[in-house]
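These are the residues of each chain, in order.
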Amino acid sequence: SMEAVAVVVGAGAGATVRHFASQFAKRKHSDLGPVAITAVNTAGSFILGAVVGTPNLSTRSRVCLGTGFCGALTTFSTYSMDVVTMIEAKEIGRALRYIGMNHAGGLGGATLGYLLAKQLARSTLVKKKC
């Protein structure tokens, strides 16, 4: 179906962005991988919040951006293994900060994206009615 194609296209783009973000962080400093993961998880949560908060977005756009792009951009598995690795290395404080940053960034990003999309939709509707 065209929706499946939209998911594949979005996933390809999201995975590519995540790959380049990780590579960029590692080139700057080999220990910045978790920072890149936090950044993509926060950005993906913001985008997904905006997708969900945008009324009248086509199903194809929703699955391309939400399921495909955000699903491939964000990564719970890498985040989880980073935490396990930090704990194994007895970097408990770092692991706790990383957990806090990912949860705050994800929830904050999703909330901000959602509310911003809702507000933009309301202001656009008000302008169209005037």
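This one's a predicted model, so the numbers in the text were calculated from it and none came from an experiment.

S.K.: Account for the overall build of the protein, with residues named and values stated.
M.R.: Helix and strand content of the protein: 5 helices and 0 strands. Counting only residues that meet the buried cut, the protein has 29% of its 130 residues in that class. In the protein, 73% of the contacts between residues at least 6 apart in sequence involve partners at least 24 apart. For the protein, the accessible surface area stands at approximately 8,000 Å², while carbon and sulfur atoms represent 68% of it. Charge centroids of the protein, computed over 14 positive and 5 negative side chains, lie 18 Å from each other.

S.K.: Now, about helix α2 (residues 33-53): what can you tell me, with residues and values included?
M.R.: With 21 residues, α2 extends 30 Å from end C-alpha to end C-alpha; this agrees with the ideal 30 Å at 1.5 Å per step. By the burial criterion, the buried members of α2 are Gly33, Pro34, Ala36, Ile37, Thr38, Val40, Asn41, Gly44, Ser45, Gly49, Val51 and Gly53.

S.K.: Give me the lowdown on the packing of helix α1 (residues 2-28) against α2, citing residues and values where you can.
M.R.: Where α1 meets α2, the axes come as close as 8 Å, and the angle between the chain directions of the two elements is 150 degrees. Relative to α2, the element α1 is oriented roughly antiparallel. Relative to α2, the crossing made by α1 is right-handed. Here α1 contributes Arg18, Ala21, Ser22 and Ala25 to the contact with α2, which in turn contributes Ala36, Ile37 and Val40.

S.K.: Which residues make up the nonpolar core, and what are the values?
M.R.: Formed by Ile37, Tyr79, Val83, Met86, Ala95 and Tyr98, the largest nonpolar core amounts to 6 residues. Sorting the residues of this core by element identifies α4 (76-88) and α5 (92-129) as the ones contributing at least two each. Take this core: its biggest share by element is 3 residues, from α4. Among residues more than four places away in sequence, those in contact with Tyr98 are Pro34, Ile37, Thr38, Tyr79, Asp82, Val83 and Met86.

S.K.: Outline the packing of aromatic side chains, supporting the account with residue identities and numerical values.
M.R.: Inspection of the entire model under this criterion finds 2 aromatic pairs. Members of the aromatic cluster, joined through ring pairs, are Phe76, Tyr79 and Tyr98.

S.K.: Describe in detail the pattern of salt bridges, supporting the description with residues and values.
M.R.: A full pass over the atoms with the stated rule returns 1 salt bridge. With a shortest N-O distance of 3.1 Å, Arg94 and Glu91 are connected by a salt bridge. Using a relative accessible area of 24% as the deciding quantity, one classes Arg94 as partly exposed.

S.K.: Requested: an account of α1, with residues and values cited.
M.R.: Look at α1: 39 Å from first C-alpha to last across 27 residues, which is about the 39 Å you get at 1.5 Å a residue. By the burial criterion, the buried members of α1 are Ala6, Gly10, Gly14, Ser22 and Ala25. Where α1 is buried, its residues meet α2 and α3 (59-73).

S.K.: I'd like to hear about the side chain of Asn102, residue by residue, with values.
M.R.: Assignment of secondary structure puts Asn102 in helix α5. The buried category is assigned to Asn102, whose relative accessible area is 7%. Aside from chain neighbours lying at most four places away, what touches Asn102 is Ile37, Thr38, Asn41 and Tyr79.

What counts and what doesn't
- Residues numbered from 1 in each chain as written.
- Predicted model: local features only at pLDDT ≥ 70, side-chain atom pairs only at ≥ 80, totals over all residues.
- Heavy atoms only, no water.
- Helix = DSSP H or I, 4+ residues; strand = E, 2+ residues; numbered from the N terminus.
- Buried < 20%, exposed > 50% of the residue type's maximum accessible area, 1.4 Å probe, protein only.
- Contact = heavy atoms within 4.5 Å.
- Areas by Shrake-Rupley, 256 points an atom, 1.4 Å probe, with all protein chains shown as cover.
- Lys, Arg positive; Asp, Glu negative; His and termini not counted.
- Charge placed at Lys NZ, Arg CZ, Asp CG, Glu CD.
- Expected span 1.5 Å × (residues − 1).
- Axes fitted to C-alpha atoms, helices over the stretch in contact; angles between N-to-C directions.
- Parallel < 35°, antiparallel > 145°, perpendicular 65-115°, else oblique.
- Left-handed = near helix turned anticlockwise from the far one by under 90°.
- Core = buried A, V, L, I, M, F, W, Y, C linked by side-chain atoms within 4.5 Å.
- Phe/Tyr/Trp six-rings, centres within 6.5 Å; stacked < 30°, edge-to-face > 60°.
- Salt bridge = Lys/Arg side-chain N within 4 Å of Asp/Glu carboxyl O.

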